[in-house]
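Listed below, chain by chain, are the residues.
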Amino acid sequence: MAETLVLIELDRQRVKRPSLHAITLAQQLGGDYALLILGSGVAEAANSIISYGAAAVLVADDPALAEPLADRYASVIAQATRQQGAKRLLASSSTFSKDVLPRAAALLDAPMVTDVLALAKVDGAIAYQRPMNAGSKLATVKVDGELCVLTARATAFAMPSANGAPCLIATFAFDAASLPNEMQFVSRELRASDRPDLAEARVVVSGGRPLKDSETFERLVGGLADALGGAVGATRAAVDAGMAPNDYQVGQTGKVVAPELYIALGISGAIQHLAGIKDSRIIVAINKDADAPIFQMATYGLVGDLHQIVPQLIAAIQKT
Amino acid sequence: MKILVPFKSVPDPYAGAGAAAKSVINPFDEIAIEEALRIRERGEATEIVGVTIGAPAVDEQIRSALAMGVDRAIRIDDSRALDPYAISRILRTLVEREAPQVVLMGKQAVDDDSNQVGQMLAGLLGWPQATFVSKIEFLDNKTRAQCSRETDGGIEVIAISLPAIITTDLRLNEPRYVSLPGLMKARKKPIEVINCEQLGVNVHPLTTTLSVASPPRRTAGTRLESVEELVTRLKQEAKVL
Ligand SMILES: Cc1cc2nc3c(=O)[nH]c(=O)nc-3n(C[C@H](O)[C@H](O)[C@H](O)COP(=O)(O)OP(=O)(O)OC[C@H]3O[C@@H](n4cnc5c(N)ncnc54)[C@H](O)[C@@H]3O)c2cc1C
């Protein structure tokens, strides 16, 4: 039994670090919490998360869960939530949690709050702060009912400390044969990259529309990112034009990042893009238009042609 | 094959800050409408039904959907501040009444940014779901669909049995503009107005927005003159190099 159940996300049988940030929200909510992982052959992953102060790590390990298909996953997650008698089910925001948790919420007859940024107390009761309208509004939301489902913005909650006493790993038993079976995994794009993950990187370099094509994008945006040991991001315009893959998109409807250093190359600063970068510590904008909106929120701005500036910048960084 | 497209009216996301934004069809739902039209144009769908929940003011967006080519529309007359779970429960009743093979809708509304309704609807109906979709192909005599999904790790392909819920991502298509003949035709297309009581669904939102504030804004920093200056600042002032 645990008051809060935290769904932890795996990527090829390894724990995705941003998914651990939801544990910090569980701690702030108070009460005990259990961690839940689903997959096939995930004993090692379960072992890697026993020291985050949880009451238990629940493991649903079955070949039927080898791929994160929403119908099966939501069913198992809902069963585990009921078995625990949990009052809250939560996870860090990601395409994985946004796919499976609303479905689990419906199975649990529970409402859901997406992208929690912080907790608030209103008239003695817990309320949740969340962004709306591409982050241009901050709403405070109250939830009624026995159970609620939450996703937490990983960038708004710190990595929890891993120095708790090791907890128990418990198998969550379920009937795999009775799971829904109308969704099948076909394939996943495999793209090898030595670069850090966008969501976790200390430095992110992103490119916009003027990068023209994927070669130029890779040479300039990728080149600068590599010089800084950073990850690569892109605007919707750059992804739509085929310069960068979809999972590079940063913004309201893509990824949200909050690195130490964010460098925006040829990015105008549309509100939908800014929604994904606002919490970066330092923002550098390089843009040839001195009036580009991005300059209104960048820590450092450089007006000029990126095709000239970026090679100089790469060379200057390599010299330092 | 019948396709049901739920859509929402939202303030125009392209309106500049401060300006009173006019209402438009949520861009992701517009992509869903466009995709339904393309499916019909290639002979795989016979009817496209649009549905929206709202006060009479949303009739303007209903006309836009009809002008794009949706065959008929339903407005569920409800002006309460409903949450995604309440919306999903209302839509469930409508899906049961209309019995479409596919429900095609946006992955999120760009005002609320919740990204919940499609998945909740799928859960309530017990139907398969394909979310954040950038490509749809029907297989096996339209009993299944193969969908490419935009995930954090790149493109994933899944196959789902129909009936199913499909939610759209940005790269699925580029919606057409409404044409003048389209607008003329839209005037003659039926809009059915029905309320929750008539539908036999009694829902109340479980989440309440207590207040809405403006988040703290970042302020403009320093304009620099050269690459050398930038590198120096990043090293000495910001200490990120
Ligand atoms: C529903 C919806 C969801 C969206 N979601 C997202 C999202 O998640 N992420 C996102 O990024 N966008 C999103 N957008 C799109 C967003 O509104 C903008 O269109 C997009 O961010 C613009 O990308 P950009 O800055 O690359 O292009 P532009 O706005 O075209 O800006 C290009 C910039 O490059 C500069 N430039 C041109 N040439 C050079 C040069 N040689 N050197 C230096 N600078 C140069 C120009 O001055 C300009 O400022 C969304 C839009 C909608 C409607």
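Residues numbered from 1 in each chain as written. Chains lettered and ligands numbered in written order. Predicted model: local features only at pLDDT ≥ 70, side-chain atom pairs only at ≥ 80, totals over all residues. Heavy atoms only, no water.

Here's the deal with the overall build of chain B
Inclusion rule: Helix and strand definitions here come from DSSP, where helices need a minimum of 4 consecutive H or I residues and strands a minimum of 2 consecutive E residues; each element is numbered from the N-terminal end. Relative accessibility thresholds used throughout: buried, under 20% of the residue-type maximum; exposed, over 50%; partly exposed, between the two (1.4 Å probe, protein chains only). Throughout, a contact is declared for two residues whenever any of their heavy atoms are within 4.5 Å. Note on areas: Shrake-Rupley, 1.4 Å probe, and residue coverage restricted to the protein chains presented here. The positive count covers Lys and Arg only, the negative count covers Asp and Glu only, and His and the chain ends enter neither. Here the site of a charge means NZ on Lys, CZ on Arg, CG on Asp, or CD on Glu.
Within chain B, the secondary structure is distributed over seven helices and 13 strands. Its C-alpha atoms put chain B at 65 × 40 × 40 Å along the principal axes. Within chain B, the proportion of its 241 residues that are buried is 57%. Across chain B, contacts joining residues at least 24 apart in sequence account for 68% of those joining residues at least 6 apart. As presented, chain B carries roughly 10300 Å² of accessible surface, and 50% of it is formed by carbon and sulfur atoms. Across chain B, 30 positive and 32 negative side-chain charges occur, with their mean positions spaced 2 Å apart.

Thoughts on the interface of chain A and chain B
Many authors give the size of an interface as the accessible area that is lost as the parts come together. Stated formally: Two parts lose some accessible area (1.4 Å probe) when they are put together, and adding that loss for both gives the buried area. In what follows, salt bridge is the name for a side-chain nitrogen of Lys or Arg lying within 4 Å of a carboxyl oxygen of Asp or Glu. N or O atoms closer than or at 3.5 Å make up a polar contact, with two conditions inside protein: a donor-capable atom paired with an acceptor-capable one, and, for residues adjacent in sequence, both atoms drawn from side chains. Each residue is assigned to one class: nonpolar for Ala, Val, Leu, Ile, Met, Phe, Trp, Tyr, Cys and Pro, charged for Asp, Glu, Lys and Arg, and polar for all the others, Gly among them. DSSP-based pairing: two strands are paired if at least 2 bridges between them are found.
Facing the 83 residues of chain A at the interface are 72 residues of chain B. Roughly 6400 Å² of surface becomes buried between chain A and chain B when both sides are summed, with 52% attributable to carbon and sulfur atoms. The interface formed by chain A and chain B includes four salt bridges. One salt bridge in this structure joins Asp112 of chain B and Arg130 of chain A, with 3.5 Å as the shortest N-O distance. The tally of links between chain A and chain B comes to 47 residue pairs in polar contact (both at pLDDT 80 or more). With eight residues, the top contributor of residues to the side of chain A that touches chain B is helix α4 (residues 95-107) of chain A. Among the residues making up the side of chain A that touches chain B, the classes are represented as 40 nonpolar, 20 polar and 23 charged. Alignment of strand β13 (residues 183-188) of chain A against strand β9 (residues 154-161) of chain B, held across five bridges, turns out to be antiparallel. Counterpart to Arg188 of chain A in the pairing with β9 of chain B is Glu156 of chain B.

Some details on the pairing of strand β6 (residues 88-92) of chain A
Residues and elements named next belong to chain A. Counting buried positions over the five residues of β6 gives five, a clear majority of the element. Neither face of β6 is open: one carries Arg88, Leu90 and Ser92, the other Leu89 and Ala91, and all of them are buried. Pairing between strand β1 (residues 4-7) and β6: three bridges, direction parallel. From the neighbouring strand, Leu5 faces β6, where its bridge partner is Leu89. Alignment of β6 against strand β11 (residues 148-152), held across five bridges, turns out to be parallel. Looking at the pairing, Ala91 lines up with Thr151 of β11.

Some points on the packing of α4 of chain A against helix α4 (residues 117-125) of chain B
The test is simple: An axis is simply a line fitted to the C-alpha atoms; with a helix, the fit covers only the stretch in contact. Between two such axes, the angle follows the N-to-C directions and lies from 0 to 180 degrees. Roughly parallel covers angles under 35 degrees, roughly antiparallel covers those over 145, roughly perpendicular covers 65 to 115, and oblique covers all other angles. When the near helix sits turned anticlockwise from the far one by under a right angle, the crossing is termed left-handed; a clockwise turn instead gives a right-handed crossing.
Running from amino to carboxyl end, α4 of chain A crosses α4 of chain B at an angle of 45°, the nearest separation of the two axes being 7 Å. Taken together, the axes of α4 of chain A and α4 of chain B are oblique relative to one another. Helix-helix and strand crossings are classified by hand; for α4 of chain A and α4 of chain B the assignment is right-handed. From α4 of chain A, Lys98, Asp99, Pro102, Arg103, Ala105, Ala106 and Leu107 of chain A reach across to α4 of chain B, where they touch Gln119, Met120, Ala122, Gly123 and Leu124 of chain B. Taken together, the residues of the contact of α4 of chain A with α4 of chain B break down into seven nonpolar, two polar and three charged.

Things to note about the sheet that holds strand β12 (residues 207-213) of chain B
Taken together, four strands build an open sheet; the order of strands is β8(A)-β9(A)-β10(A)-β12(B) and the sheet is antiparallel. Bordering the open sheet on either side are β8 (118-122) of chain A together with β12 of chain B, each of which pairs with just one other strand. The average undirected angle you get between the axes of adjacent strands in this sheet is 35°. Across five bridges, the pairing between β8 of chain A and strand β9 (residues 125-132) of chain A is antiparallel. The residue bridging Ala118 of chain A from the neighbouring strand is Gln129 of chain A, located in β9 of chain A.

Remember that the coordinates give geometry; whether it matters functionally is a separate question.
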